[in-house]
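# Structural overview for review
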Amino acid sequence: MIDKKAIENEYQNAKAQYSALGVNTNEVLSKLDKINISLHCWQADDVGGFETPDAELGGGGIQVTGNCQGKAKTIGQLRNDIEKAMSLLPGKQRLNLHAIYGDFEGKKIDRDQIEVKHFQSWIDWAKRLGIGMDFNPTCFSHPYADDNFTLSSKDRVIRNFWIEHVKRTRKIAAEMGKQLGTPVINNIWIPDGSKDTPVDRNTHRTLLKESLDEIFSEEYPKKYLKDSVESKLFGIGSESMVVGSHEFYMGYAVKNNKLICLDSGHFHPTEQIGDKISSLLQFVEELLLHVSRGVRWDSDHVVIFNDEIQLIAQEIVRANVLDRVNIGLDYFDGSLNRIGALVIGARATQLAFLFALLEPTKMLKEFEESGKNFERLAFLELLKTKPFGAVYDYYCLINNVPAGEDYIKEIQKYEVDVLSKRTPVNNLSKKLMEAD
């Protein structure tokens, strides 16, 4: 158990060290408290959703690995898991929901038929918690996505199906925003692309543009709905060509004043999306970030406090654009405790923004503008050893959530008390126990 008095003492020491650099840690924590991270519901159940009992979705660039015990299988279980994760995070978070997570009450509702009523219980749940929500169309893992083309399909029947689906998600998202009193981001990602080298890229991109134009033909108040489009370099089944490339969506978003979603796992490993933020904000009002971690070819690993997330946070803070960038998590890992994965990623993201906010940016810019490159680099290195962890522990303490390693014990207890009881005993195990 972490000693509260020790945390307070360590914070006072950290406060003095940062004060010597001209940084007020109390003000920093006030700014950090306004950063609401959108937690992605699909980490808790391996992108299964509730369209059918025991759904196991895959395909369309989606591949979850691992089989850790305790996967959420009902809406109740999923909500309990998310609430548990939120209880271990300081500050107020949001929930990002995919369309496949509707409250369908055991009925088969195809995606071009979803309505607000299928998500009303989610809205009521969010109201009870006092949180905002975000929403996404689910344009994968469906018979009409089997050939890896949805909104850009040359088959008009298939294309119309997905256009109607996305239209309905926008309507649902707008109603969510209206009821919750905070805008909902509706982010469009599609798996469309080709495994081998195509000849006709142009027609698919022309069709995608036409589909988007039709989808966005109905306008909703921005105080309720914000539209976003998300690119990808490649995915499973789209290794040679992705219809919705970065260039495609960047052009579309700039021309039509939509949010551009930058996923930190959707670019070449040598690209840093932190470097793209200040460029894109010259031309669009807002950005959406999906914070993930790329490992080799796979983009959807649990976020950790690494160079990539630090650069993202630093660029946002240094450019003073916290109010123009929306932060969400996006990864799925079934190889470890799923609630633990949510908490690790969210805490790492919070820690990155804290680290950036604790930077004496004004002083560093003055060094840079006066050509004092040695001083700039020296202080940037010095900041790496400053006690920012003590500031985060204090932030947890004043928010009444576990500090330091205490959150690990909480998740371990939840695994024993709740998650372990969800895993059914297979027939072989039953026979072994009966034999004993």
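Positions within a chain are numbered from 1, following the residues in the order the chain's sequence is written. This being a predicted model, a pLDDT of at least 70 is required before a residue's local features are given, and a value of 80 or more before pairs of side-chain atoms are given or counted; all residues contribute to the totals for chains, interfaces and linings. The basis for the side-chain values is all heavy atoms of the structure; hydrogens and waters are excluded.

A word on the overall build of the protein. Every helix listed is a DSSP run of H or I at least four residues long, and every strand listed is a run of E at least two residues long, numbered separately from the N terminus. Within the protein, the regular secondary structure consists of 15 helices and twelve strands. On C-alpha atoms alone, the protein measures out to a radius of gyration of 23 Å, which is about the 22 Å that the 2.2 N^0.38 rule sets for 436 residues. The dimensions of the protein, computed from C-alpha atoms along their principal axes, are 65 × 65 × 40 Å. Only heavy atoms enter the contact rule, under which two residues are in contact if any of them lie within 4.5 Å. Considering only contacts in the protein between residues 6 or more positions apart, those separated by 24 or more positions represent 81%. For the protein, the exposed surface amounts to about 19800 Å²; the carbon and sulfur share of it is 50%. A positive count includes Lys and Arg, and a negative count includes Asp and Glu. His and the chain ends are not counted in either. Lys charges are placed at NZ, Arg charges at CZ, Asp charges at CG and Glu charges at CD. Charge separation in the protein, taken as the distance between the mean sites of 54 positive and 63 negative side-chain charges, equals 3 Å. What the globule rule says is 2.2 Å times the number of residues to the power 0.38, and the radius of gyration is computed from C-alpha atoms. For every accessible area listed, the method is Shrake-Rupley and the probe measures 1.4 Å; residues are considered covered only by the protein chains on display.

Within this scheme, the nonpolar core is defined by two criteria: the residues are buried Ala, Val, Leu, Ile, Met, Phe, Trp, Tyr or Cys, and they are joined through side-chain atoms within 4.5 Å. Remark: exposure states derive from per-residue accessible area (1.4 Å probe, protein chains only) relative to the maximum for the residue type, with buried under 20%, exposed over 50%, and partly exposed in between. Counting 129 residues, the largest nonpolar core has Leu 97 and Leu 151 as its most contacted members. Sort the elements by how many residues they give to this core and helix H10 (residues 338-357) lands first, with 13 residues. Other than its neighbours up to four places away in sequence, Leu 97 contacts Cys 41, Trp 42, Phe 119, Trp 122, Met 133, Asp 134, Phe 135, Asn 136 and Met 176.

Okay, empty space enclosed by the protein next. Any residue with an atom within 4 Å of a point lines the site, the site being either a cavity, points on a 1 Å grid over the protein atoms alone where a 1.4 Å probe fits but cannot get out, or a pocket, an open set with protein on both sides within 12 Å along at least 5 of 7 lines. Grid points are joined across faces, edges and corners, and a volume is the space filled by probe spheres set on the points. If you walk through the whole model with that rule in mind, you get two cavities of 30 Å³ or more. In terms of lining residues, the second largest cavity is bounded by Ser 38, Asn 96, Asp 134, Phe 135, Asn 136, Ile 185, Asn 187, Leu 288, His 290 and Gly 328. Elements supplying a minimum of two residues to the lining of the second largest cavity: strand S3 (133-136), strand S4 (184-188) and strand S9 (287-291). In terms of residue count, S3 provides more of the lining of the second largest cavity than any other element does, three residues in total.

Turning our eyes to something else, we now look at the packing of aromatic side chains. Stacked, edge-to-face and tilted labels apply to pairs of Phe, Tyr and Trp rings (six-membered ring for Trp) whose centres lie within 6.5 Å, assigned for plane angles under 30 degrees, over 60, and everything in between, in that order. For the coordinates displayed, the defined rule picks out 16 aromatic pairs. Where Phe 355 meets Phe 388, the ring centres are 4.9 Å apart and the plane angle is 70°; that geometry is what we call edge-to-face. With Phe 355 in helix H10 and Phe 388 in helix H13 (residues 388-398), this pair connects stretches of sequence that are 33 residues apart. Through successive ring pairs, a cluster of aromatic residues spans Phe 216, Phe 248, Tyr 249 and Tyr 252. A cation over a ring is seen here: Arg 79 above Trp 122, with NZ or CZ 4.2 Å from the ring centre. Positioned above the aromatic ring of Phe 216, the side-chain terminus of Lys 258 is 4.3 Å from the ring centre. The criterion is that NZ of a Lys, or CZ of an Arg, lies within 6 Å of the ring centre and within 35 degrees of the ring normal, and then a charge sits over that ring.

Attention shifts here to unusual backbone geometry. Positive phi, normally seen in glycine, also occurs at Asp 46, with a value near 60°. With respect to the helices and strands, Asp 46 occurs in the loop between strand S1 (38-40) and helix H3 (75-87). Despite not being glycine, Val 47 shows a phi value in the positive range, around 60°. Positionally, Val 47 belongs in the loop between S1 and H3.

This part is about the side chain of Glu 308. Along the chain, Glu 308 falls in helix H9 (residues 307-318). Definition used for salt bridges: Asp or Glu carboxyl oxygen within 4 Å of a side-chain nitrogen of Lys or Arg. Of the side chains bearing the opposite charge, Lys 276 lies closest to the buried Glu 308, which forms no salt bridge; the N-O distance is 8.9 Å. Other than its neighbours up to four places away in sequence, Glu 308 contacts Ser 264, Glu 271, Gln 272, Ile 273 and Gly 274.

Time to look at the packing of helix H4 (residues 120-129) against helix H5 (residues 156-180). To get an axis, a line is fitted to the C-alpha atoms, and for a helix only the part in contact is used. The angle between two axes follows their N-to-C directions and goes from 0 to 180 degrees. It is at 10 Å that the axes of H4 and H5 come closest, and there the two elements cross at 30°. Looking at the two axes, H4 sits roughly parallel to H5. Of the two elements, H4 crosses H5, and the hand of that crossing is right-handed. For the pair H4 and H5, the contacting residues are Gln 120, Ile 123, Ala 126 and Lys 127 in the first and Met 176, Gln 179 and Leu 180 in the second. In the scheme used here, Gly and all other residues not listed as nonpolar or charged are polar, with Ala, Val, Leu, Ile, Met, Phe, Trp, Tyr, Cys and Pro taken as nonpolar and Asp, Glu, Lys and Arg as charged. Along the lines of polarity and charge, the residues of the contact of H4 with H5 split into four nonpolar, two polar and one charged. For classification purposes, an angle smaller than 35 degrees is called roughly parallel, one larger than 145 roughly antiparallel, one from 65 to 115 roughly perpendicular, and anything else oblique. Here a crossing is taken to be left-handed if its near helix is turned anticlockwise relative to the far helix by less than a right angle, and right-handed if that turn runs clockwise.

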